[in-house]
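Listed here are the chains, written in short residue letters.
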Amino acid sequence: MTNEEIKGETAKYLMATYARVPLAFVKGRGVTLTDADGREYLDFLAGLAVCCLGHSHPALVSAIQQQAGELLHTSNLYLASNQTKLARYLADISFGDKSFFCNSGAEANEGAIKLARRYQEKIMGKPEKKFVLSFTNSFHGRTLATLAATGQTKYHDGFSPLPQGFVQVPFNDIAAVEEAIGTNPAIGAIIAEPIQAEGGVIPASKEFLPALREIADRESIVLIFDEVQTGMGRTGKFFAYEHWNTKPDIMSLAKGLGGGVPIGAVVASDKFAAAFEPGSHASTFGGNHLSSAAAIAVIKTFFNDQVIERAAATGKYIFEKIQALKSPRIKEIRGKGLLIGIVLDAPAGPYVTRMRENGIIIGSAGENVLRITPPLIVSRPQCDQMLDTLDKILAS
Ligand code: PLP
């Protein structure tokens, strides 16, 4: 089928939740994607910061193939050695001790919020401390509770009533956090993205995450970092909180965790993980043999090929090159590692389209921000090609 034919069938059979670009990718190798008409592109979006090892990485393909030939799924009624191994890896590489696995970022945030609420009630004996504080411009997912936590009203449209117990204050505003907590003793959890990704690639200030940590400790509030987009090497460290030297109590992961195979995780230190008992929370598919095998392959490849170190260096390279472009269109460059936002003086959408017409796939975030999130394995010549195209397009 051609792109055009797939477009027609899509309009007929799929709900119109996405304003899709009329291109169907049919093959991917490394950073290269091929569409149904045979045209090739360089992928600087990586499936919205998911395909951290690029497309068809041999280690990931072989882990998936091998696991598919052994056993796909047996449910969480039974032990699952891959899942246990993955949880052990996450404990080794993060602040956390224990994990719960699910299938997406929204589900990971739901799990994190449930864990925080249950911790307040069952461990702390404070059932009244169930409110969740989040931030303006944040994005935490599309389920009802994560929508309620998401600080962008455009995503709430048509879905009221949203679950109760969520309040928002401006991001990077420590005084606003103090005030909200001072006036609302029911706040029992704070959820924050270290870098607000969907909201426009806006990093927390140097002081903000440490201040949240201090406030959370002082007020016995659970601190959740949503690392769905910033985790798994995206910012040049395994987890973005490392840049701030500040650890959360609970962290949500998804996107890059499975390198393209759907898997999410709630990671927590023992004290908080203890709030979940048999029956408190569950997921049929969460961390099944296949998705856990994929995530294990991702983490092993990160270590074997120094993927994160290379991503950090590549991110620095791209930042410096964009700075050197000196285009009057560019107002600011934000982000860390390979989560890069280029703030323009005009809506980003038309530039995303023109980049694509010139063979480069990028995204946007917020109104005026180009979002660059390539696979972490992207090479310098591929970056140069993207940057040359960007330079040309911004100048025209
Ligand atoms: N949290 C953050 C920070 C995200 O960027 C996203 C998705 O973009 C989500 C949560 C939701 O993840 P999912 O679409 O896998 O449910």
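The preceding data block contains the structure.
These numbers come from a predicted model, not from an experiment. Numbers given to residues run from 1 along each chain, matching the order in which its sequence is written. At least 70 in pLDDT is required for a residue's local features to be given in this predicted model, at least 80 for side-chain atom pairs to be given and counted, and no such filter applies to totals for whole chains, interfaces and linings, which use all residues. Hydrogens and waters are ignored; side-chain quantities use all the structure's heavy atoms.

A. Fine view of the pairing of strand β3 (residues 40-43). What makes two strands pair is DSSP finding at least two bridges between them. Secondary structure follows DSSP: runs of H or I at least 4 residues long count as helices, runs of E at least 2 residues long count as strands, and numbering of each begins at the N terminus. Both strand β2 (residues 32-35) and β3 contribute to a ladder of three bridges, which runs antiparallel. The residue of β3 that forms the bridge with L33 is Y41. Here β2 folds back onto β3, and the loop between the two strands holds four residues, one of which, G38, carries a positive phi near 90°. Bridge count for β3 against strand β15 (residues 360-361) is two bridges, and the pairing is parallel. Within β15, the residue paired with D43 across the bridge is I361.

B. Summary view of the sheet that holds strand β4 (residues 98-102). Strand order in the open sheet formed by seven strands is β4-β12-β11-β10-β7-β5-β6, with mixed pairing between adjacent strands. On the outer flanks of this sheet lie β4 and β6 (166-169), each paired with one strand and no other. Recorded for the sheet is a direction-independent mean angle of 20° between the axes of neighbouring strands. Contacts were defined at the residue level, with two residues in contact if any of their heavy atoms lie within 4.5 Å. Fitted lines through C-alpha atoms give the axes, limited to the stretch in contact for helices. The angle between two N-to-C directions lies from 0 to 180 degrees. In the packing of helix α4 (residues 81-93) onto the sheet, the strands contacted are β4, β11 (250-253) and β12 (264-268), and the crossing angle to β4 comes to about 125°. Where helix α8 (residues 208-219) meets the sheet, its contacts fall on β5 (131-135), β7 (187-192) and β10 (222-226), and the angle it forms with β10 comes to roughly 150°.

C. Quick look at the layout of surface pockets. Points on a 1 Å grid over protein atoms alone make up a cavity when a 1.4 Å probe fits among them but cannot get out, and a pocket when they form an open set with protein on both sides within 12 Å along at least five of seven lines; lining residues each have an atom within 4 Å of a point. Grid points are joined across faces, edges and corners, and a volume is the space filled by probe spheres set on the points. Taken as a whole, the second largest pocket encloses approximately 710 Å³ of empty space. Along the walls of the second largest pocket sit 27 residues, with N76, Q83, S99, F100 and F101 positioned nearest its centre. No other element matches the four residues that β4 contributes to the lining of the second largest pocket.

D. Up close: the packing of helix α11 (residues 307-325) against helix α13 (residues 380-395). Contact pair α11 / α13: the axes reach a minimum separation of 11 Å and the direction vectors enclose 25°. As summarised for this structure, α11 and α13 are arranged roughly parallel, according to the angle between their axes. In the packing of α11 onto α13, the handedness of the crossing is right-handed. Two secondary-structure elements touch here, α11 through A313, T314, Y317, I318, K321, I322 and L325 and α13 through R380, C383, D384, M386, L387, L390 and D391. If an angle is under 35 degrees, it is roughly parallel; if it is over 145, roughly antiparallel; if it lies from 65 to 115, roughly perpendicular; otherwise it is oblique. Two helices crossing with the near one rotated counterclockwise from the far one by less than a right angle form a left-handed crossing, whereas a clockwise rotation gives a right-handed crossing.

E. Summary view of α8. In a helix, the anticipated span is given by 1.5 Å times the number of residues less one. Over its 12 residues, α8 runs 16 Å from end to end, which matches the ideal 16 Å to within 8%, given 1.5 Å per residue. The buried label goes to any residue with under 20% of its type's maximum accessible area, the exposed label to any with over 50%, and the partly exposed label to all in between, with areas taken from a 1.4 Å probe on protein chains only. Listing the buried residues of α8 in full gives F208, L209, A211, L212, R213, I215 and A216. Packed against the buried residues of α8 are β5, α7 (174-183), β7 and β10.

F. Quick look at empty space enclosed by the protein. Summed over the entire model, instances satisfying the criterion amount to one cavity of 30 Å³ or more. Of the pockets and cavities examined, the largest cavity occupies roughly 50 Å³. Forming the walls of the largest cavity are H73, T74, S75, N76, A80, Q83, T284, F285, G286, G287, N288 and H289. Residue classes follow a fixed rule: Ala, Val, Leu, Ile, Met, Phe, Trp, Tyr, Cys and Pro count as nonpolar, while Asp, Glu, Lys and Arg count as charged, and any other residue, Gly among them, counts as polar. Partitioning the lining of the largest cavity into residue classes produces two nonpolar, 10 polar and no charged.

G. Expanded view of the packing of aromatic side chains. In summary, the pairing rule links any two rings of Phe, Tyr or Trp, Trp by its six-membered ring, whose centres are within 6.5 Å, and it sorts them by plane angle into stacked for under 30 degrees, edge-to-face for over 60 and tilted for everything else. For the structure on display, the rule yields 12 aromatic pairs. Judged by centre distance (5.5 Å) and plane angle (80°), the ring pair of F25 and Y41 falls under edge-to-face. Taken as a pair, F25 in strand β1 (residues 25-29) and Y41 in strand β3 lie far apart in primary sequence, 16 residues in all. Judged by relative accessible area, which is 5%, Y41 ranks as buried. Through a chain of ring-to-ring contacts, three or more aromatic side chains come together here, namely F95, F238, F239, Y241, F302 and F303. The ring of W244 carries the charged tip of K336 above its face, separated from the ring centre by 5.3 Å. A cation sits over an aromatic face here: R380 above Y317, 4.5 Å from the ring centre. Lysine NZ or arginine CZ positioned within 6 Å of the ring centre and within 35 degrees of the ring normal marks a charge as sitting over the ring.

H. Looking closely at the site of the ligand. Taken together, 13 residues form the shell around the ligand, and within it G105, A106, D226, Q229 and K255 come nearest. Take E198: an N or O atom from its side chain is 3.3 Å from an oxygen atom of the ligand. Here a polar contact is taken to be a pair of N or O atoms separated by no more than 3.5 Å, where protein atoms must pair a possible hydrogen donor with a possible acceptor and residues adjacent in sequence count only if both atoms sit in side chains. One of the side-chain N or O atoms of Q229 is found 2.8 Å from an oxygen atom in the ligand. Protein chains shield 82% of the accessible area of the ligand, which is 400 Å² for the free molecule. Proximity is defined per residue: if any heavy atom of the residue lies within 4 Å of a molecule or strand, that residue is considered near it. Computed by Shrake-Rupley with a 1.4 Å probe, the accessible areas treat only the displayed protein chains as cover when residues are assessed.

I. A look at the environment of G69. Residue placement: G69 occurs in helix α3 (residues 58-70). A sequence separation of 147 residues divides G69 from A216, and the C-alpha atoms of the two residues are 46 Å apart.

J. Highlighting the pattern of salt bridges. In what follows, salt bridge is the name for a side-chain nitrogen of Lys or Arg lying within 4 Å of a carboxyl oxygen of Asp or Glu. Evaluated as defined, the whole model comprises 12 salt bridges. The closest approach of N and O atoms between R218 and E178, which form a salt bridge, is 2.6 Å. Note that R218 is positioned in helix α8 and E178 in helix α7, a separation of 40 residues in sequence. The residue R213 makes a salt bridge to D217 at a minimum N-O spacing of 2.7 Å. Taken as a pair, R213 and D217 lie in helix α8 at a separation of four residues, close to a single helical turn. Judged by relative accessible area, R213 falls into the buried class, the value being 15%. Through salt bridges with shared partners, a single ionic network connects E121, K122 and K130.

K. Expanded view of α3. For α3, with 13 residues, the first-to-last C-alpha span of 18 Å sits near the 18 Å given by 1.5 Å per residue. For α3, the secondary structure elements touched by its buried residues are α4 and α10 (289-304).

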